[in-house]
Amino acid sequence: MLNSTFLTLIAYFISFIVIGFFLYKKPTYRQNVSYILWNISLLYKNYIHWSFSKLVIYIYWWLLAIVASMPFLAIMIYLLYQTSWIIKPEWISTYFTNGSIDYWIVTALLQHPFLIGFAILILIMLFVVFISSFMYAYILQQKIYMAYLEWKKLPYISKNFFNWRLMLKYLWVIFWIAAYLLIPLGLAVLYILILFLLSKIEALKPFIYWENLVVWIFQMIVFASFFIYFIYMALRLSFSYICLLYSTDSKRKAHSYIKESLAITKWKILKLIGLGIPFLLVSIILDSLFWYLESLSSYMPYAMNIVDFFVLSGMSLMIYLSFYRILIWKTINTAENLETIIENETVTEQKDIDILPKELPKNPIKKPKTKTIKTKK
């Protein structure tokens, strides 16, 4: 345990030394980090508004999830009522008493595959509804942060709470992101299926099973490639919904935001990772500190959850929004250009898009003199 802690401290020390070196030697990197820190400070400068907004949004997304899931909950209750005669009360009692599932309950359920399949489908839909509501709450929070960056404060309950067009467009964006991310997952499943089929051929077994060191290394490289490709695509697609928020054209197709995210992140993944590392390390350290404090008392987890919600929760969204603004920094101080680039779908189809910053302004902390982009109602 002591050796593990010592090695962890050494790793953190080396990481911060490397980060310090880049901060000292790379003015652009230093300027980017300073800009992100300045944006984070805006949250605490608007602390009361920020805290109450988070609380309102938190209550809102729970109410939205419950209301949206009511039809599925009603169907689930109906299914439970219809299948109540299948499951005997003693089976339930055995499960809660011993924590074991009776063999006969499995047999009884398997005799009604249609009901089981339909129940699983309803559970999936409930999960999707809750996740979608939760993610839409992030959209509302990002709207608040966007207003802070423009030196404004949105009302605690804004018109975006019931903007069904934005909700629908956001769901389509999520659908396209999921479709793109299914590519590496599908390739991995296809590769596993091919391995399974080839393993049926006796002559190829030595080249399939992992007992062979060379085969083991090759398989690890292949699966690592699928994983890295998945993370790579997730990072490149992750700015799609921010592109949606900055768009003033309600007629744009959802897929255009996917193309825009791919365009602004082209050849910029290493830059994003480099910017994210110092904040990730600080986050890990804070998580470790919170975990230690929670272990001191049985009441501490509740206290730390409250502290986390009102002090740290939502900060990562501002960091994320800062990444986006750094990627398109050339257009941040020119509202007309920003509007043109975001509204023009054809720009995302160019091979080389010259909208990325050469460097940030000398003093990102200074209040920018920007024009306010009037959104179309």
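Sequence order as written defines residue numbering, which begins from 1 separately in each chain. In keeping with the predicted nature of the model, local features appear solely for residues at pLDDT of at least 70, side-chain atom pairs appear and are counted solely at 80 or more, and the whole-chain, interface and lining totals rest on all residues. Values shown for side chains rest on all heavy atoms present in the structure; no hydrogens or waters enter the calculation.

Q: Would you mind going over the overall build of the protein in detail, with residue names and values included?
A: What counts as a helix is a DSSP run of H or I of at least four residues, what counts as a strand is a run of E of at least two, and both are numbered from the N terminus. What the protein contains, in helices and strands, is 14 helices and 0 strands. Ordered by position from the N terminus, the helices and strands of the protein form the series α-α-α-α-α-α-α-α-α-α-α-α-α-α. Burial here depends on accessible area, computed with a 1.4 Å probe over protein chains only, as a share of the maximum for the residue type. Under 20% is buried, over 50% is exposed, and the range in between is partly exposed. Considering the protein as a whole, with its 377 residues, one finds that 36% of them fall into the buried category. Two residues qualify as a contact provided that any one of their heavy atoms is within 4.5 Å of a heavy atom in the partner residue. In the protein, of all internal contacts separated by at least 6 residues, the share reaching a separation of at least 24 is 80%. All accessible areas in this document rest on Shrake-Rupley with a 1.4 Å probe, and a residue is counted as covered only by the protein chains that are shown. Here the protein has roughly 24,000 Å² of accessible surface; of this, 73% comes from carbon and sulfur atoms.

Q: Describe empty space enclosed by the protein, with residues and values.
A: Cavities and pockets are defined on a 1 Å grid built over the protein atoms alone: a cavity is a set of grid points where a 1.4 Å probe fits but cannot escape, while a pocket is an open set with protein on both sides within 12 Å along at least five of seven lines, and lining residues are those with an atom within 4 Å of any such point. Grid points are joined across faces, edges and corners, and a volume is the space filled by probe spheres set on the points. Counted under the stated rule, the structure contains 3 cavities of 30 Å³ or more. Here the second largest cavity defines a volume of roughly 50 Å³. Along its surface, the second largest cavity is lined by Ile 57, Leu 140, Lys 143, Ile 144, Leu 154, Pro 155, Tyr 156, Ser 158, Asn 160 and Phe 161. Here the lining of the second largest cavity gets 3 residues from one element, more than from any other, and that element is helix 6 (residues 113–149). Throughout, the ten residues Ala, Val, Leu, Ile, Met, Phe, Trp, Tyr, Cys and Pro are labelled nonpolar, Asp, Glu, Lys and Arg are labelled charged, and all others, Gly among them, are labelled polar. Partitioned by chemical class, the residues of the lining of the second largest cavity number 7 nonpolar, 2 polar and 1 charged.

Q: Can you lay out helix 13 (residues 315–327) for me, pointing to particular residues and giving the numbers?
A: Expected span, for any helix, means 1.5 Å times one less than how many residues it has. Over its 13 residues, helix 13 extends 19 Å from the first C-alpha to the last, a length consistent with the 18 Å expected when each residue adds 1.5 Å. By the criterion of burial, helix 13 is predominantly enclosed, with 12 of the 13 residues buried. Taken residue by residue, helix 13 has Met 315, Leu 317, Met 318, Ile 319, Tyr 320, Leu 321, Ser 322, Phe 323, Tyr 324, Arg 325, Ile 326 and Leu 327 as its buried positions.

Q: Pulling in residues and values, what's your account of the environment of Leu 154?
A: Turning to its location among the elements, Leu 154 is positioned in the loop between helix 6 and helix 7 (164–198). The residues touching Leu 154, leaving out its near neighbours within four places in the chain, are His 49, Lys 143, Ile 144 and Ala 147.

Q: Can you lay out helix 11 (residues 269–294) for me, pointing to particular residues and giving the numbers?
A: Turn by turn, an α-helix covers 3.6 residues, leaving residues three or four places apart pointing in a common direction. The first and last C-alpha atoms of helix 11 sit 35 Å apart over 26 residues, in line with the 38 Å expected at 1.5 Å per residue. Of all the bends in helix 11, the greatest, near 35°, is centred on Ile 277, and the proline Pro 278 appears no more than four residues after it. If you check which residues of helix 11 are buried, you get Ile 269, Leu 272, Leu 275, Pro 278, Phe 279, Leu 281 and Phe 290. Fitting axes to the seven residues ending at a residue and to the seven starting there, one defines the bend at that residue as the angle between these axes.

Q: Run through the pattern of salt bridges, naming residues and quoting values.
A: Salt bridge, as used here: a side-chain nitrogen of Lys or Arg that lies within 4 Å of a carboxyl oxygen of Asp or Glu. Evaluation of the coordinates by the stated rule reveals 2 salt bridges. Of the charged contacts in the structure, one is a salt bridge between Glu 150 and Lys 152, with a shortest N-O distance of 3.3 Å. By relative accessible area, Glu 150 is classed as partly exposed at 29%. For Lys 152, a relative accessible area of 37% gives the class partly exposed. Notably, a salt bridge pairs Glu 260 with Arg 252, separated by 3.1 Å at the nearest N-O pair. We classify Glu 260 as buried; its relative accessible area is 4%.

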